[in-house]
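# A structural walkthrough
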Amino acid sequence: MSDRHISEHFETLAIHAGNTADPLTGAVVPPIYQVSTYKQDGVGGLRGGYEYSRSANPTRTALEENLAALEGGRRGFAFASGLAAEDTLLRTLLSPGDHVVIPNDAYGGTFRLFAKVAARWGVEWSVADTSDPAAVRAQMTPRTKAVWVETPSNPLLGITDIAAVAQVAHAGGAKLVVDNTFATPYLQQPLALGADVVVHSLTKYMGGHSDVVGGALIVADEELGEEIGFHQNSMGGVAGPFDSWLVLRGTKTLAVRMDRHSENATKVADMLSRHPRVSSVLYPGLPEHPGHEVAAKQMRAFGGMISFRVTDGEEAAVSVCDRTQIFTLGESLGGVESLIEHPGRMTHASVAGSLLEVPSDLVRLSVGIENADDLVEDLKQALDK
């Protein structure tokens, strides 16, 4: 039976897709094939299609099949990092002289890849508020080959109507790329809404335990999948077998973790929205969030990421980050433990002075799965001191 027909339910697919029992021992967890090359049964006689682990590795194959099933795609590809996945995608879709529309609120590393790397390769880009399909359309040119979206976005938690922007992109002859890292396939499935490619930093919620770095691309179109597969092998930024195994372990519990992340974040956002030292809370689960209705339409729940601005400026924001006791000061996100950071000085320092510069009084939270009351009290004491 194909993994795609095991079940229609996400939780079952997460545990079983790609996780075939080992035919030799019956082990229910796929082995870590820590191997570089494979014995061939005669010249060109490959066992299962494996010849060299840059091209394919059984542990990575298991993860890639799992990712494709969870996103409802035809092909999945696992990489050494999210940026390795993004770089491979750019070289697959683009040539020198092509143009991309990127969001005005994007992960700093993605912006750096476009502004400092792809631009030197001759790729042009322009910025649009992707929450407004008309703004995206206005930035497209005859040379636009891709529209890049994060929803929810990092770090301002903006929401883009994926189906609406897909129509705009396709009408202009461009592919729609959606970074689904914050939402995960449990909360949102962009391919079903019209996206052409889904991007993930597997480091975050998919791995879920702050112990692995990885990235992924998932596509619905087989031809595009073949092109990405060629570039993945040619460029070589693949996920190693142990990293693949760790992410595959993480996806099994993704559904239950995201339920808890979302539940805890809702309680934290509610407290922050009423705190006198907080000037605004950016969380799509709040009814006053400008993207709330779109998020409710295309997401199962609102996720574990929150950003907020403090009333007393940048130094006050930095001080809040320094004073938490349960929230750990650190970059990254999506682990079981709660993290806090100052985007302007940390994850988004690379966008300083650009159209993507973030407010200096902004604090970003990755709300973990600890007891929600403890998280609320920790933030209260950090804000009140």
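Remember, it's a predicted structure, so these values are computed and weren't measured experimentally.

## Examining the packing of helix H3 (residues 82-93) against helix H8 (residues 222-235)
As a packed pair, H3 and H8 sit with axes 9 Å apart at the nearest point and diverge in direction by 120°. What the angle tells us is that H3 and H8 run oblique. Note that H3 runs across H8; the crossing there is right-handed. Counting all contacts with H3, which are made through Asp-87, Thr-88, Leu-89, Arg-91, Thr-92 and Leu-93, the residues of H8 involved are Leu-224, Glu-227, Ile-228, His-231, Gln-232 and Met-235.

## Digging into the pattern of salt bridges
Within the structure shown, the criterion is met by 17 salt bridges. Its salt-bridge partner being Glu-314, residue Arg-345 comes within 2.9 Å of it at the nearest N-O pair. Pair noted here: Arg-345 is in the loop between strand S11 (339-341) and strand S12 (362-366) and Glu-314 is in helix H12 (residues 314-323), with a separation of 31 residues, a long-range link. The class for Arg-345 is partly exposed, based on a relative accessible area of 45%.

## A look at empty space enclosed by the protein
Scanning the model with the defined rule gives two cavities of 30 Å³ or more in all. One number sums up the size of the largest cavity: a volume of about 40 Å³. As for the largest cavity, its lining consists of Pro-152, Leu-157, Phe-182, Ala-183, Pro-284, Met-299, Phe-302, Gly-303, Gly-304 and Met-305. By volume, the second largest cavity is sized at about 30 Å³. Forming the walls of the second largest cavity are Asn-19, Val-29, Pro-30, Trp-245, Leu-248, Arg-249 and Lys-252. In terms of residue class, the lining of the second largest cavity is built from four nonpolar, one polar and two charged.

## Examining the sheet that holds strand S5 (residues 175-179)
What the seven strands build is an open sheet, ordered S1-S7-S6-S5-S4-S2-S3; its pairing is mixed. The open sheet is flanked by strand S1 (75-79) and strand S3 (124-128), the only strands paired with a single partner. On average, each strand axis in the sheet is tilted by 20° relative to the strand beside it, whichever way the strands run. Looking at chain direction, strand S4 (residues 144-150) and S5 are connected through five bridges and run parallel. When the sheet's bridge partners are listed, Val-147 is paired in S5 with Leu-176.

## Let's talk about the side chain of Thr-110
Here Thr-110 shows up in helix H4 (residues 108-118). A polar atom in the side chain of Thr-110 sits 3.0 Å from the side chain of Glu-86. Each residue touching Thr-110, except ones within four places of it in the same chain, is listed here: Leu-83, Glu-86, Trp-148 and Glu-150.

## Here's the deal with the environment of Val-310
Along the chain, Val-310 falls in strand S9 (residues 305-310). Considering only alpha carbons, one finds Val-310 and Ala-56, 254 residues apart in sequence, at a separation of 48 Å. Filtering out sequence-adjacent residues up to four positions away, Val-310 remains in contact with Arg-277, Val-278, Ser-279, Ala-316, Ala-317, Val-320, Asp-361 and Leu-383.

## A word on the UniProt feature "modified residue: N6-(pyridoxal phosphate)lysine" (unreviewed entry) in the protein chain
The residues that UniProt annotates with the feature "modified residue: N6-(pyridoxal phosphate)lysine" (unreviewed entry) are Lys-204. By the secondary structure assignment, Lys-204 is in the loop between strand S6 (197-201) and strand S7 (215-219). In this view, Lys-204 contacts Thr-181, Ser-332, Leu-333 and Gly-334; residues no more than four positions away in its chain are not counted.

## A closer look at the packing of aromatic side chains
As enumerated under the stated definition, the model contains five aromatic pairs in all. When the centroid spacing of 5.7 Å and the interplanar angle of 35° are considered together, the rings of Tyr-38 and Tyr-50 count as tilted. Taken together, the residues span a long stretch of sequence, with Tyr-38 in the loop between helix H1 (10-16) and helix H2 (58-71) and Tyr-50 in the loop between H1 and H2 at a distance of twelve residues. Taking relative accessible area as the criterion, Tyr-50 reaches 15% and is therefore assigned buried. Above the face of the Trp-121 ring, Arg-91 is positioned so that its terminal group lies 5.2 Å from the ring centre. The side chain of Arg-300 reaches across the aromatic face of Tyr-186, ending 4.0 Å from its centre.

## Considerations on the nonpolar core
A general trend in soluble globular proteins is that nonpolar side chains are found buried together. If you look at the biggest cluster of nonpolar residues, it comprises 64 residues, and the most contacted ones within it are Val-268, Leu-272, Val-281, Ile-306, Phe-308 and Leu-365. When residues in this core are grouped by element, the largest group, eight residues, is from helix H10 (residues 254-273). Among the domains, domain 1 (10-249) and domain 2 (254-384) are the pair contributing at least three residues each to this core. Apart from residues no more than four positions distant in its own chain, Val-281 is found in contact with Ala-269, Leu-272, Ser-273, Leu-286, Ile-306, Ser-307 and Phe-308.

## A closer look at the pairing of S5
Among the five residues that make up S5, four are buried, leaving the element largely enclosed by the rest of the structure. Between S4 and its parallel partner S5, the chain crosses via helix H6 (residues 162-171), and the hand of that crossover is right-handed. Both S5 and S6 contribute to a ladder of three bridges, which runs parallel. From the neighbouring strand, Val-178 faces S6, where its bridge partner is Val-198.

## Quick word on unusual backbone geometry
Here the bond from Thr-151 into Pro-152 is cis, since omega is -10°, no more than 30 degrees from zero. The peptide bond linking Asn-154 to Pro-155 adopts the cis configuration, its omega dihedral lying at 15°. A positive phi angle is found at Leu-157, which is not glycine, with a value near 55°. Secondary-structure assignment places Leu-157 in the loop between S4 and H6. At Thr-184, a residue that is not glycine, the phi angle is positive and equals roughly 70°. Within the secondary structure, Thr-184 is located in helix H7 (residues 184-187).

Rules of the game
- Residues numbered from 1 in each chain as written.
- Predicted model: local features only at pLDDT ≥ 70, side-chain atom pairs only at ≥ 80, totals over all residues.
- Heavy atoms only, no water.
- Axes fitted to C-alpha atoms, helices over the stretch in contact; angles between N-to-C directions.
- Helix = DSSP H or I, 4+ residues; strand = E, 2+ residues; numbered from the N terminus.
- Parallel < 35°, antiparallel > 145°, perpendicular 65-115°, else oblique.
- Left-handed = near helix turned anticlockwise from the far one by under 90°.
- Contact = heavy atoms within 4.5 Å.
- Salt bridge = Lys/Arg side-chain N within 4 Å of Asp/Glu carboxyl O.
- Buried < 20%, exposed > 50% of the residue type's maximum accessible area, 1.4 Å probe, protein only.
- 1 Å grid on protein atoms, 1.4 Å probe; cavity = no way out; pocket = protein on both sides within 12 Å on 5 of 7 lines; lining within 4 Å.
- Points joined across faces, edges and corners; volume = space filled by probe spheres on them.
- Nonpolar A, V, L, I, M, F, W, Y, C, P; charged D, E, K, R; others polar.
- Pairing = 2+ DSSP bridges.
- Polar contact = N/O pair within 3.5 Å; in protein donor to acceptor, adjacent residues only side chain to side chain.
- UniProt positions renumbered as here; feature names shortened; annotations may be inferred.
- Phe/Tyr/Trp six-rings, centres within 6.5 Å; stacked < 30°, edge-to-face > 60°.
- Lys NZ or Arg CZ within 6 Å of the ring centre and 35° of its normal.
- Core = buried A, V, L, I, M, F, W, Y, C linked by side-chain atoms within 4.5 Å.
- Domains from an automatic or database assignment.
- Right-handed = clockwise from strand over helix to strand, strands pointing away.

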